[in-house]
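The lines below spell out each chain.
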Amino acid sequence: MGTYVYEVMANVGEAITRNKQMLTDLDAAIGDGDHGINMARGFEAVHSKMQAMEAEIDIGKVMKTVGMTLISSVGGAAGPLYGTAFLRAAGPSQQKTQVDVETAGLMLGAAITGIKERGKAIRGEKTMLDALEPAYDAFMEGAKDGKSLIACLEVACEAAQQGVEYTKTIVATKGRASYLGERSRGHQDPGATSSYIMLKALLEFLRR
Amino acid sequence: MKKVINVPEQVVEEMLQGMVLAHSQYIKRIEGFDVLIRANKPEKGKVALVSGGGSGHEPSHAGFVGRGMLDGAIAGAVFTSPTPDQVYEAVKAVDNGKGVLLIIKNYSGDVMNFEMAIEMATADGITVDKVIVNDDVAVENSTWTIGRRGIAGTVLVHKITGAKAETGADLPEVKRVAEKVINNVRSMGMSLDSCTVPAAGKPSFVLAENEIEIGMGIHGEPGTHREVLRTADEITDHLVEKILADMALTSGQEVALLINGLGATPLMELYIVNRKVAAILKEKGIQIAKTYIGNYMTSLEMAGFSISILKLDSELKELLLAAADTPALVQF
C-alpha cells in the first residue's frame, strides 16, 4: 500500500506539471503570472521527497511531508495555502494505511478549514475555495447517500469544475486579483483551477 | 525572451552569488538559504530589521542591508514571496536579543509566509513583530480587498525605521516609527512596457505601441486602467494628483520624494518626471526635504516609474537624514 500513496501524489504532481503553462497564463491575466511555475516547482520538490518515502504506509505521514514540502518550496500565496491544506489533511489520516469515504471526507474538510483560516477567505471571493467548498459539499452528499469513494469523488470533481466556471462570473475580493475589482470578472481563477486539477488527478488515479 | 542569464531556474541563485561577491563588505549569505544578512552583526544590541519578497525588485531588498537600514533580507523566487523556512532562518540569524521587526509588503502570499515564520520563531522564544507596507494609492482600499499593495514606499520605511533601530530604541518604539512612515507615505506608478519572468519566458502582459498602464503593480499586475501615451508632464500630473488626493498636505509641509525607476526607464526620464513633481509641490507650497531618484524597487526590465511622497515631521525628517551605509543607499 505504501507505493499507493506515493503514486497518488506523483499523479497529482504530474497533472500540475502538465498544466503549468495554463495555470501561469490564467494567473498572468489577473494576478502576477507565476501560479503554474510555483506549483510545478513545489510538486517537483514533493516528487523528490516522495521517492525517499516510497515505503511509507502511514498516509498521515505522507500528507505531512507533502504539506511541509509545499510550504518550503512553493512560496507566494499558494504555498502556505496548499501546504496548510495537506498538513491539516494529515490529522484525520494519521496512522491510516487506507482511506475510506469517511476519512477522505474528514481529510477534505480539514484541508478546507486550514485554507480558510490561513487565507482568511470565504467562498464567493474568487479563490480556490470556490472549487473546493462545492466539491466538499458534493462529496459529503455522496457519502450520506452511501456512495463509494470513487463515486463521491466523481460528484466532487463535477462540483469543483462548476466552481471553476463560477469564478469566471464573479469579481475577486481576496488575493492579488482583488486589486482589479471589476476587471477580474470574466477571468477564471487560477487557484480554483489548480484545486480542480488536483481533485481530478486523484479521481483519475483511483479509477485506474 | 532576450536576457543575460544562464538558465531560468538559476537566476536567483546566481544573482545572490554575484551580489555577495560584489558587496562582501556589507553582506554575507546564510549557507544553504536565500538569505543575506549584514557581514558584521551589530555589536551593541539593537532591534533587527528583516524584509524580503520575490526577487526581481533589485536592489530591493538585499541592497538595503547594512548600517542604518536592514539587518537581513530574504530573496524569494522571481516575483514570488519567500517561504516561511527562509524567513525563519533570517529571523534566527539577525536576532540579538532585542527582537526582530519584519517589514512586509502587502500581498496575500507575503503576509501568509511571513506570518508562518513569525509563528515558528515565536515558538523558539524569539520576539518578533511585523509591519505591513501598503503605500500604493492606485488600488482601492476597501473591506472587499486585502487592502493596498506595498510598492516603492517600502524603501523609505527601510530607511527611516533602520535609522530608528540604530539608535538602540526598543521594539515597540521601532515599530511605532515604522507604522508612522507607513501611515504617511503614498505611491503610485505607471508602466510603458511589460517585463518577462525568466521561468515564464514571455511577457507578463502586452501593451500596444502607444498604450500605457496607469497604476501598474511591481509584479506586472494590471493597474487601474490603460490609456494612450501622454507627455511626461501629463502623466506626472495625474499620478501626483492621485497621490495628493490621499494625503492631507498643507502649505509649508515638508516631504521626502522617491522617483523610482522600474528597471528600464533611463534616469533622464526620471529627472524629467522629478522636474514636474517638484513644480507641482512648489506651487502648493510643499517643501521637499530630500529626493531619492533612481532604481530602488524595480520590476525586472519593466519600463515605467513610480512616485512616492512621504509626509515628514521633525522625527521622521531627522531619521530620514541620518547616515546609512548599504550596497544600494549610502548617505552621510
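Residues numbered from 1 in each chain as written. Chains lettered and ligands numbered in written order. Predicted model: local features only at pLDDT ≥ 70, side-chain atom pairs only at ≥ 80, totals over all residues.

(A) Broad picture of the overall build of chain B. Helix and strand content of chain B: eight helices and 14 strands. Its C-alpha radius of gyration of 19 Å places chain B within 12% of the 20 Å reference for a compact globule of 332 residues. When the backbone C-alpha atoms are referred to their principal axes, chain B occupies close to 55 × 50 × 40 Å. Burial statistics for chain B: of 332 residues in total, 56% are counted as buried. For chain B, long-range pairs separated by at least 24 residues make up 72% of all intrachain contacts whose partners lie at least 6 apart in sequence. (Helix = DSSP H or I, 4+ residues; strand = E, 2+ residues; numbered from the N terminus. Rg over C-alpha atoms; globule rule 2.2 N^0.38 Å. Buried ≥ 20, exposed ≤ 12 C-beta atoms within 10 Å, placed from the backbone. Contact = placed C-beta atoms within 7 Å.)

(B) Representation of the pairing of strand β3 (residues 48-55) of chain B. All names here are of chain B. Counting buried residues along β3, eight of its eight residues qualify, which places the element largely inside the surrounding structure. In terms of strand pairing, β3 meets strand β5 (residues 100-105) through four bridges, oriented parallel. Residue Val-50 lies in a different strand from β5, and its bridge partner there is Leu-102. As paired strands, β3 and strand β4 (residues 72-78) are joined by five bridges and run parallel to one another. The residue bridging Val-50 from the neighbouring strand is Gly-72, located in β4. (Pairing = 2+ DSSP bridges.)

(C) Quick peek at the domain arrangement of chain B. All names here are of chain B. Looking at chain B, the domain boundaries give domain 1 (14-183) and domain 2 (185-321). The C-alpha centroid of domain 2 is placed 22 Å from the C-alpha centroid of domain 1. With 28 residues of domain 1 at the interface, the matching set in domain 2 holds 31 residues. Per-element accounting of the side of domain 1 that touches domain 2 gives the leading share, eight residues, to helix α4 (residues 153-166). Its residues assigned to classes, the side of domain 1 that touches domain 2 comprises 15 nonpolar, six polar and seven charged. (Domains from an automatic or database assignment. Nonpolar A, V, L, I, M, F, W, Y, C, P; charged D, E, K, R; others polar.)

(D) Up close: the interface of chain B and chain A. Taken together, the contacts link 31 residues of chain B with 27 residues of chain A. When residues of the side of chain B that touches chain A are traced back to their parent elements, those giving at least two are β4, α2 (84-94) and α3 (108-123) of chain B. The biggest single contributor to the side of chain B that touches chain A is α3 of chain B, with five residues. A breakdown of the residues in the side of chain B that touches chain A according to their chemical character gives 15 nonpolar, twelve polar and four charged.

(E) Structural view of the environment of Lys-144 of chain A. With respect to the helices, strands and loops of the structure, Lys-144 of chain A is situated in helix α7 (residues 129-144). As a C-alpha pair, Lys-144 of chain A and Val-101 of chain A span 43 residues in sequence and 9.8 Å in three-dimensional space.

(F) Fine view of the sheet that holds strand β2 (residues 35-38) of chain B. Residues and elements named next belong to chain B. Pairing within the open sheet is mixed, and its six strands lie in the order β1-β2-β4-β3-β5-β6. A strand with exactly one partner marks an edge of an open sheet, and here the two such strands are β1 (27-29) and β6 (128-133). Strand after strand, the sheet turns through a mean of 25° between neighbouring axes, direction not considered. Of the strands in this sheet, β1, β2, β3 and β4 touch helix α1 (residues 11-22), which is tilted by about 150° from β4. (Axes fitted to C-alpha atoms, helices over the stretch in contact; angles between N-to-C directions.)

(G) Geometry of the packing of helix α4 (residues 59-73) of chain A against helix α5 (residues 78-93) of chain A. Residue and element names in this part refer to chain A. Close contact between α4 and α5 brings their axes to 7 Å; oriented N to C, the two are set at 165°. With respect to each other, α4 and α5 are oriented roughly antiparallel. As α4 runs across α5, the sense of the crossing is left-handed. For the pair α4 and α5, the contacting residues are Ile-59, Gly-60, Met-63, Lys-64, Val-66, Gly-67, Leu-70 and Ile-71 in the first and Gly-79, Pro-80, Tyr-82, Gly-83, Thr-84, Phe-86, Leu-87, Ala-89, Ala-90 and Ser-93 in the second. Residues that form the contact of α4 with α5 fall into these classes: eleven nonpolar, six polar and one charged. (Parallel < 35°, antiparallel > 145°, perpendicular 65-115°, else oblique. Left-handed = near helix turned anticlockwise from the far one by under 90°.)

(H) The pairing of strand β12 (residues 303-311) of chain B, seen in detail. Residue and element names in this part refer to chain B. Burial runs high along β12: eight of the nine residues are buried. Both strand β7 (residues 185-193) and β12 contribute to a ladder of eight bridges, which runs antiparallel. Paired with Ser-187 across the two strands is Ser-308, which belongs to β12.

(I) Inspection of the sheet that holds strand β10 (residues 254-261) of chain B at higher detail. Residues and elements named next belong to chain B. Taken in spatial order, the six strands line up as β9-β8-β7-β12-β10-β11 in an open sheet, and their pairing is mixed. Looking at strand neighbours, the two that pair on one side only are β9 (225-228) and β11 (287-294), the edges of this open sheet. Taking each pair of neighbouring strands and ignoring which way they run, the sheet shows an average axis angle of 20°. Sheet analysis places strand β8 (residues 211-214) next to β9, joined by four bridges and oriented antiparallel. Across the sheet, the residue bridging to Glu-213 is Arg-226, located in β9.

(J) Seen up close, α7 of chain A. Residues and elements named next belong to chain A. Compared with an ideal rise of 1.5 Å per residue, which puts 16 residues at 22 Å, α7 spans 22 Å between its outermost C-alpha atoms and is within 8% of the ideal. Most of α7 is tucked away: twelve of the 16 residues are buried. Leu-129, Asp-130, Ala-131, Leu-132, Glu-133, Pro-134, Ala-135, Tyr-136, Ala-138, Phe-139, Gly-142 and Ala-143 are the residues of α7 that are buried. Each element contacted by the buried residues of α7 is listed here: α6 (101-119), α8 (149-167) and α9 (190-207). Remark: Gly-146 follows α7 within two positions and exhibits a positive phi of approximately 75°. (Expected span 1.5 Å × (residues − 1).)

(K) Expanded view of the confidence of the model for chain B. The predicted model of chain B has a mean per-residue pLDDT of 94, with 98% of residues at 70 or higher. For this predicted complex, the interface score ipTM comes out at 0.80, while the overall pTM is 0.89. (pLDDT = per-residue confidence, 0-100.)

(L) Inspection of the packing of helix α6 (residues 232-244) of chain B against helix α7 (residues 267-283) of chain B at higher detail. Residues and elements named next belong to chain B. Packing of α6 against α7 leaves a shortest axis separation of 9 Å and a crossing angle of 55°. On the basis of their axis angle, the class for α6 and α7 is oblique. Regarding α6 and α7, the two cross each other, and that crossing is right-handed. Contacts from Ala-232, Asp-233, Thr-236, Asp-237 and Val-240 of α6 reach α7 at Glu-269, Ile-272, Val-273, Lys-276, Val-277 and Ile-280.

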